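If you want the building blocks of each chain, they are given just below.
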Amino acid sequence: MAILDKEHLRANLDEVIWNIEEARISVSEHHIVKLVTVAKYTELENISTLYELGQRAFGENQVQQLKERMHTLEELPLEWHMIGSLQKNKINNLIDLHPTLMQSLDSLDLTEELNKKLATKESKMNCLLQINAANEASKSGFSSEEAYDMYQTITESCPNINLKGVMTIGAHTEDSKEIQKSFETTHSIYENLQKEGATYCSMGMSSDYTLAIKCGSNLVRVGSALFK
Ligand SMILES: *Cc1c(COP(=O)(O)O)cnc(C)c1O
């Protein structure tokens, strides 16, 4: 972790934006992709600098760090995304933070608990269903087989959760064909869910965001490529 100067961050951001542009235009000029900066590895100062460079959406994977940063930077008009697995004992803390989007709804158990606590606080939360598209034991999330039905079940039975789409982490392998397959699987679930109101297909991190966009991602979560 280091505090990076503005020109250094500008060069990294320009490179990422350029790569996103190239990938999205290869899909369609009308294919718009949102960039969420994953700030979990970096210093607070770098978030402020990226804000000055035009970046507005930031993601964290821990509720405690999300809370500290939201409070410290509350004067800035930023959006905050929760992208990590949520422990049940942190649910109330997350609700009180009103994140823009909670991207990591990864089990029915967590979903029901979150819905219950949202109802108690008369609050709602925008969420994405996390899909374990490559069926990896190391990852949480809904299997690709159950995702479609679960999405409908949650929409019907959890009125305080606004499902906005799906999220996946690309298959953990060097084999880009396998990674591509996990993105294609997730994107086809997303396509089926568009009639249920899904608008976000969140796929792609530093190592694979251009591939993810070519597979239809419209939200990429990029960390290390911006802070190298
Ligand atoms: C850390 C993280 C990212 C960003 O990872 P990089 O490879 O550094 O871009 C994206 N999504 C999730 C869910 C993460 O935990």
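Our structure's up above, just so we're on the same page.
Residues numbered from 1 in each chain as written. Predicted model: local features only at pLDDT ≥ 70, side-chain atom pairs only at ≥ 80, totals over all residues. Heavy atoms only, no water.

Undergrad: Explain the nonpolar core to me, and be specific about the residues and the numbers.
TA: Nonpolar side chains tend toward joint burial in soluble globular proteins. Among the nonpolar cores identified, the biggest contains 62 residues, and M102, L114 and I161 are the most heavily contacted of them. Dropping the residues within four chain positions of it, M102 is found in contact with M82, L86, L94, L110, M125, N126, C127 and L128. (Core = buried A, V, L, I, M, F, W, Y, C linked by side-chain atoms within 4.5 Å. Buried < 20%, exposed > 50% of the residue type's maximum accessible area, 1.4 Å probe, protein only. Contact = heavy atoms within 4.5 Å.)

Undergrad: Provide a residue-level description of the site of the ligand, including the pertinent values.
TA: Neighbouring residues of the ligand: V38, K40, Y41, I83, I169, M205, S206, R221, V222, G223 and S224. Residue K40 places a side-chain N or O atom 2.7 Å away from an oxygen atom belonging to the ligand. Notes on the ligand: free accessible area 390 Å², of which the protein chains cover 90%. Using a 2 Å cut-off from the grid points, one finds that the ligand occupies the largest pocket. Among the residues forming the shell around the ligand, the class breakdown is six nonpolar, three polar and two charged. (Near = heavy atom within 4 Å. Polar contact = N/O pair within 3.5 Å; in protein donor to acceptor, adjacent residues only side chain to side chain. Areas by Shrake-Rupley, 256 points an atom, 1.4 Å probe, with all protein chains shown as cover. 1 Å grid on protein atoms, 1.4 Å probe; cavity = no way out; pocket = protein on both sides within 12 Å on 5 of 7 lines; lining within 4 Å. Sits in = over half its atoms within 2 Å of the grid points. Nonpolar A, V, L, I, M, F, W, Y, C, P; charged D, E, K, R; others polar.)

Undergrad: Residue-level account of the pairing of strand β1 (residues 34-38), with values.
TA: Consecutive side chains along a regular strand alternate between the two faces of the sheet. For β1, the buried fraction is high: four of the five residues fall into the buried class. Here β1 pairs with strand β9 (residues 219-222) via four bridges, running parallel. Directly across from V36, in β9, lies its bridge partner R221. One ladder, built from two bridges, connects β1 with strand β2 (residues 57-60); its direction is parallel. Each residue of the ladder has a partner; that of T37, found in β2, is F58. Running through helix α2 (residues 44-52), the crossover from β1 to the neighbouring parallel element β2 is right-handed. (Helix = DSSP H or I, 4+ residues; strand = E, 2+ residues; numbered from the N terminus. Pairing = 2+ DSSP bridges. Right-handed = clockwise from strand over helix to strand, strands pointing away.)

Undergrad: Can you explain the packing of helix α1 (residues 6-27) against α2? Please cite residues and give values.
TA: Put simply, α1 and α2 touch, their axes get as near as 10 Å, and they point 65° apart. On the basis of the axis angle, α1 is roughly perpendicular to α2. Here the hand of the crossing between α1 and α2 comes out right-handed. Contact with α1, carried on its side by K6, L9 and L13, involves N46, T49, L50 and E52 of α2 and no other residues of that element. Of the residues belonging to the contact of α1 with α2, the class tally is three nonpolar, two polar and two charged. (Axes fitted to C-alpha atoms, helices over the stretch in contact; angles between N-to-C directions. Parallel < 35°, antiparallel > 145°, perpendicular 65-115°, else oblique. Left-handed = near helix turned anticlockwise from the far one by under 90°.)

Undergrad: Kindly report on the packing of aromatic side chains, identifying the contributing residues and their values.
TA: Applying the stated rule across the entire model yields one aromatic pair. Ring centres of F58 and W80 lie 5.9 Å apart, and the angle between their planes is 40°; on these two criteria the pair is classed as tilted. Residue F58 is located in strand β2, and its partner W80 is located in strand β3 (residues 79-82); the two are separated by 22 residues in the primary sequence. On the accessibility criterion, F58 (0% relative accessible area) is buried. (Phe/Tyr/Trp six-rings, centres within 6.5 Å; stacked < 30°, edge-to-face > 60°.)

Undergrad: Before we move on, can you summarise the state of the cysteines with the specific residues and values?
TA: Going through the model one piece at a time under the given rule, you end up with zero disulfides. Considering cysteine sulfurs only, C215 is the nearest to C201, which forms no disulfide, with 9.1 Å between them. C215 gets classed as buried once you look at its relative accessible area, which sits at 10%. (Disulfide = S-S within 2.5 Å.)

Undergrad: Tell me what's going on with helix α5 (residues 108-120), and back it up with residues and numbers.
TA: Between its terminal C-alpha atoms α5 stretches 18 Å, which fits the 18 Å expected from 13 residues at 1.5 Å a residue. For α5, the complete set of buried residues consists of L110, T111, E113, L114, N115 and L118. Contacts from the buried residues of α5 go to α4 (91-97), β4 (101-105), β5 (125-132), β6 (142-143), α6 (144-157) and β7 (161-168). E122 occupies a position one or two residues after α5 and carries a positive phi of about 50°. (Expected span 1.5 Å × (residues − 1).)

Undergrad: If you had to explain the side chain of N218 to someone new, which residues and values would you point to?
TA: Counting through the fold element by element, N218 comes out in the loop between α8 (209-214) and β9. A relative accessible area of 13% means that N218 is categorised as buried. A polar contact of 2.8 Å, which involves the side chain of N218, links it to the backbone nitrogen of C201. Once you skip the residues sitting within four places of it in the chain, N218 turns out to touch H31, I32, V33, K34, Y190, T199, Y200 and C201.

Interpretation in functional terms is not warranted from these geometric data alone.
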